[in-house]
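One letter stands for each residue in the lines below.
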Amino acid sequence: MFAYLRLARGYRALDLGRWLLTAAASAAVAALLLRALGRALSAPDGAAAHGWTTAARLLWCLPPLVGVGYLAAAWARSVPLQQSARLTGLLAAGAGAVRLRALLALEIALACALGTVLGLLGFLALRAHLLELVPGGRLEPALGGGTALPAAATATLLAVVPLLGGLAAAAAVRPRDLLPADEADLAQRRPSPRYLGAVLLVPAVGLAVAAVGVRSGSGPAEVVGGLIMVAGIGLAVPALLYGVGTALAWGRPRPARLLAGRGMQAGAWQLGTPLAVLTVTGALAVVAADRLAPVRGPLPGVEAGLVALCVLGALLARVAELTGARRRAYAPLYRMGAPTALLRGSALLRAAATTLVLLAAGGGAAALAAALATGA
């Protein structure tokens, strides 16, 4: 395995940036986990009845953990498309699909492990120096001052991050994604009737559940119905992108509009997934901001920033994939002498249409979430 890892070296700046971003997010999650452990160690006996229990503190770390797993999955999915020549060489060297998936999982796990080690070192440095300089300060309960860190509990908590990152990376990459393929032979994917039915059914179910909650005066049912409707809006983002692309290419369009429309149709599914996650995450952030407004301290802001960093990092990884694929697809146009202004205009039109779809879906989901948060 390490022989294959040596063959896979030679990252570009973008690959190194994603690797460091994964490590930074893992370090932040490790700090949150260690903070929960420090709070549990410094809490006196019987204090759980007056504050958060240890399980509740660990639940605060669940959204950032999910964000790191999603970022790891997006990073792993981008490697076969951006490093196709390198993976072809590994396949020629005798590495099969299973070993390549294990290699990607190992790389992600190493990045997450580096981040957790950095988070642990920072936590230990604060315990060693800050508690001596400012005894009895506000950070002492979070650092577990006055008590020794249990080695087994610390190792178990920190092992969760690289384990989750490695499993997410291995699960995100399908064996057929690792095999070299000719992009010209790939057929354009159209929305299936089953998917379109789900796009219509999920918001209808959420609306029905919310209506039942309003009639019966059940706040939880109303919130659940609203969350289902928000999920339905996120589910519809790829279909909206495909529909807008179809509208751009409708009739007898000019070349720039035709290229923009076909480009949106081709990338609707790859780009629609991270945009849907961004839409749903933003709507949930609206609800969390309303519900957690009385909560004091920087923890909600730190977690929101960390989750946003992971979601935006995954989105940028997907945009980089589509940019590379589109550059290869447009290479024949460059060789035929197509003007640069034509391709640049189609790119701007495609970006503007995608932004409008994102604003419409995100604005609708956020407005719905805000209405539910204030009315429930």
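Read on for an overview of the structure. All of these numbers come straight from a predicted model, not from anything done at the bench.

**Here we look at the overall build of the chain**
What the chain contains, in helices and strands, is 15 helices and 0 strands. The buried share of the chain, taken over its 376 residues, is 37%. About 19700 Å² of surface is accessible on the chain, with carbon and sulfur atoms providing 70% of the total.

**Quick word on the nonpolar core**
Counting residues in each nonpolar core, the largest one holds 33 residues, and the members touching the most others are A25, V29, L33, V68, L100, I108 and V161. When residues of this core are traced back to their parent elements, those giving at least two are α2 (13-42), α4 (62-82), α6 (97-133), α8 (151-172) and α14 (299-335). When residues of this core are assigned to their parent elements, the largest contribution, 8 residues, is made by α4. Counting residues in hydrophobic clusters, the runner-up holds 15 residues, among them L241, Y242, A260 and A276.

**Things to note about the packing of aromatic side chains**
Evaluation of the coordinates by the stated rule reveals 1 aromatic pair. Ring plane angle 75° and centroid distance 5.1 Å describe the contact between Y195 and W269, whose orientation is recorded as edge-to-face. Within this pair, whereas Y195 is found in helix α9 (residues 193-216), its partner W269 is found in helix α13 (residues 268-291), the two being separated by 74 residues in sequence. This pair shows no difference in class: Y195 is buried, exactly as W269 is.

**Considering the packing of helix α11 (residues 237-248) against helix α12 (residues 255-266)**
Contact geometry of α11 with α12 gives a least axis separation of 7 Å together with a crossing angle of 160°. Taken as axis vectors, α11 and α12 run roughly antiparallel relative to one another. The handedness of the crossing between α11 and α12 is left-handed. Along the contact surface, α11 presents L241, Y242, V244, G245, T246, A247 and L248, while α12 presents R257, A260, G261, M264 and Q265. Grouping the constituent residues of the contact of α11 with α12 by class yields 7 nonpolar, 4 polar and 1 charged.

**As for a nonpolar patch on the surface**
The grouping of L114, V117, L118 and L121 at the surface amounts to a nonpolar patch, some 340 Å² of accessible area in total. Among the secondary structure elements, L114 is positioned in helix α6.

Procedures and definitions
- Residues numbered from 1 in each chain as written.
- Predicted model: local features only at pLDDT ≥ 70, side-chain atom pairs only at ≥ 80, totals over all residues.
- Heavy atoms only, no water.
- Helix = DSSP H or I, 4+ residues; strand = E, 2+ residues; numbered from the N terminus.
- Buried < 20%, exposed > 50% of the residue type's maximum accessible area, 1.4 Å probe, protein only.
- Areas by Shrake-Rupley, 256 points an atom, 1.4 Å probe, with all protein chains shown as cover.
- Core = buried A, V, L, I, M, F, W, Y, C linked by side-chain atoms within 4.5 Å.
- Phe/Tyr/Trp six-rings, centres within 6.5 Å; stacked < 30°, edge-to-face > 60°.
- Axes fitted to C-alpha atoms, helices over the stretch in contact; angles between N-to-C directions.
- Parallel < 35°, antiparallel > 145°, perpendicular 65-115°, else oblique.
- Left-handed = near helix turned anticlockwise from the far one by under 90°.
- Contact = heavy atoms within 4.5 Å.
- Nonpolar A, V, L, I, M, F, W, Y, C, P; charged D, E, K, R; others polar.
- Patch = residues over 30% accessible without salt bridge, like charges linked within 9 Å, V, L, I, M, F, W, Y side chains within 5 Å.
- Salt bridge = Lys/Arg side-chain N within 4 Å of Asp/Glu carboxyl O.

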